[in-house]
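Analysis of the macromolecular model
What follows is each chain in one-letter form.
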Amino acid sequence: MQMQLLKERILKDGLVEDGDILKVDSFLNHQIDIRLLEEIGKEFRHQFEGKEITKILTIEASGIAIACIAARHFNVPVVFAKKSKTLNISGEVYKTSVESFTHKSTNTIIVSKKFLLPEDKILIIDDFLANGKAVIGLSRLVEEAGATLVGAGVVIEKGFQPGGERIRSMGIDLHSLAIIDSMNPENGVIFRKE
Ligand code: G4P
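Presented here is a report on the structure given in the accompanying data block. (Residues numbered from 1 in each chain as written. Predicted model: local features only at pLDDT ≥ 70, side-chain atom pairs only at ≥ 80, totals over all residues. Heavy atoms only, no water.)

**Looking at the packing of helix α1 (residues 4–13) against helix α2 (residues 34–47)**
It is the contact of α1 with α2, at a shortest axis distance of 10 Å, that shows an interaxial angle of 140°. Seen from α1, the contacting residues are Leu5, Leu6 and Arg9; seen from α2, they are Leu36, Glu39 and Ile40. Residues of the contact of α1 with α2, tallied by class, amount to four nonpolar, no polar and two charged. (Axes fitted to C-alpha atoms, helices over the stretch in contact; angles between N-to-C directions. Helix = DSSP H or I, 4+ residues; strand = E, 2+ residues; numbered from the N terminus. Contact = heavy atoms within 4.5 Å. Nonpolar A, V, L, I, M, F, W, Y, C, P; charged D, E, K, R; others polar.)

**Concerning helix α4 (residues 133–145)**
Along an α-helix, residues three or four positions apart point the same way, because every turn accommodates 3.6 residues. In this model α4 runs 19 Å from its N-terminal to its C-terminal C-alpha over 13 residues, within 8% of the 18 Å that 1.5 Å per residue would give. Residues of α4 that are buried include every one of Ala134, Val135, Ile136, Gly137, Leu138, Ser139, Leu141, Val142 and Ala145, and no others. Phi turns positive, to about 75°, at Gly146, one or two residues after α4. (Expected span 1.5 Å × (residues − 1). Buried < 20%, exposed > 50% of the residue type's maximum accessible area, 1.4 Å probe, protein only.)

**Regarding α1**
Within α1, the full set of buried residues consists of Leu6, Lys7, Arg9 and Ile10. Down the axis, α1 shows its buried residues gathered within 160° of arc, on one side only. Within α1, the exposed residues directed more than 90 degrees away from the buried face are Leu11 and Lys12. (Arc of directions from axis to C-beta.)

**Description of the pattern of salt bridges**
Applying the stated criterion across every chain yields a total of eleven salt bridges. A salt bridge links Arg72 to Glu38, with the shortest nitrogen-to-oxygen separation between them at 3.6 Å. Of this pair, Arg72 sits in helix α3 (residues 62–74) while Glu38 sits in helix α2, placing them 34 residues apart in sequence. A single salt-bridge network, built from bridges that share partners, covers Arg9, Lys12, Asp13 and Asp33. (Salt bridge = Lys/Arg side-chain N within 4 Å of Asp/Glu carboxyl O.)

**Observations regarding the pairing of strand β9 (residues 174–184)**
With eight of eleven residues buried, β9 lies mostly within the body of the structure. When strand β8 (residues 148–158) meets β9, the two strands line up parallel, connected through six bridges. Bridging across to β9, Lys158 finds its partner in Ile180. Of the pairings in the sheet, the one linking β9 to strand β10 (residues 188–191) comprises four bridges and is antiparallel in character. Bridging across to β10, Ser182 finds its partner in Ile190. The loop that links β9 with its antiparallel partner β10 comprises three residues. (Pairing = 2+ DSSP bridges.)

**Digging into the side chain of Lys158**
Within the secondary structure layout, Lys158 lies in strand β8. Although buried, Lys158 forms no salt bridge, and the nearest oppositely charged side chain, Asp20, lies 6.4 Å from it. If sequence neighbours within four positions are ignored, Lys158 has contacts with Asp20, Ile21, Phe101, Phe128, Leu129, Ala130, Ile180 and Met183. (Lys, Arg positive; Asp, Glu negative; His and termini not counted.)

**Some points on the environment of Lys104**
As for its position among the elements, Lys104 is in the loop between β5 (93–100) and β6 (105–112). Under the relative-accessibility criterion, Lys104 is labelled exposed at 67%. With 34 residues separating them in the primary sequence, Lys104 and Leu138 have C-alpha atoms 19 Å apart.

Here you go:
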């Protein structure tokens, strides 16, 4: 289920840039509206009601604030995967590589083995879902740890890019709070009809 308050905020303050980029840096990933994040956290809790979750996993940088406020509603710790350019990473980490669409680069993402345990039940949280590389990379780390992936929650899914379909077809329980069907600088954002 999409979140009305969030969709209204995207329409009011989101800026569509050329190259399929939605700027939400006045409320989500540069300046951050904590009251909105609080409602986002509550909504994730609602959407994963009844599911046992022991940890929230996200990726630096923009996912961290969202995951932390969501975690208050789940009462669990947050672990964030770090992006590392270092090649000689010690064996004490799970690692995988993730391409970034907006930054046109590839990062190795790492999580210490201490913080992902086989008994963990993981919820992945992130700000944007575009090509799905971040969520799929995080899910590989969960699998490597032998932990259980309960699902993934993203704030904004760009439904015209392939990430959502890829992740759903992998059988991951994905909940997106706003799904954009199309956008351009002239007409703005069109959300998917529920
Ligand atoms: P994917 O994870 O779904 O494959 O996303 P993709 O590679 O396409 O995008 C990578 C980065 O770009 C992510 O941030 C993602 O949050 C961000 N991103 C994708 N589409 C948009 C957009 O329309 N607007 C904005 N503002 N960001 C977008 P990142 O590389 O992990 O960097 P960070 O900003 O979290 O540090």
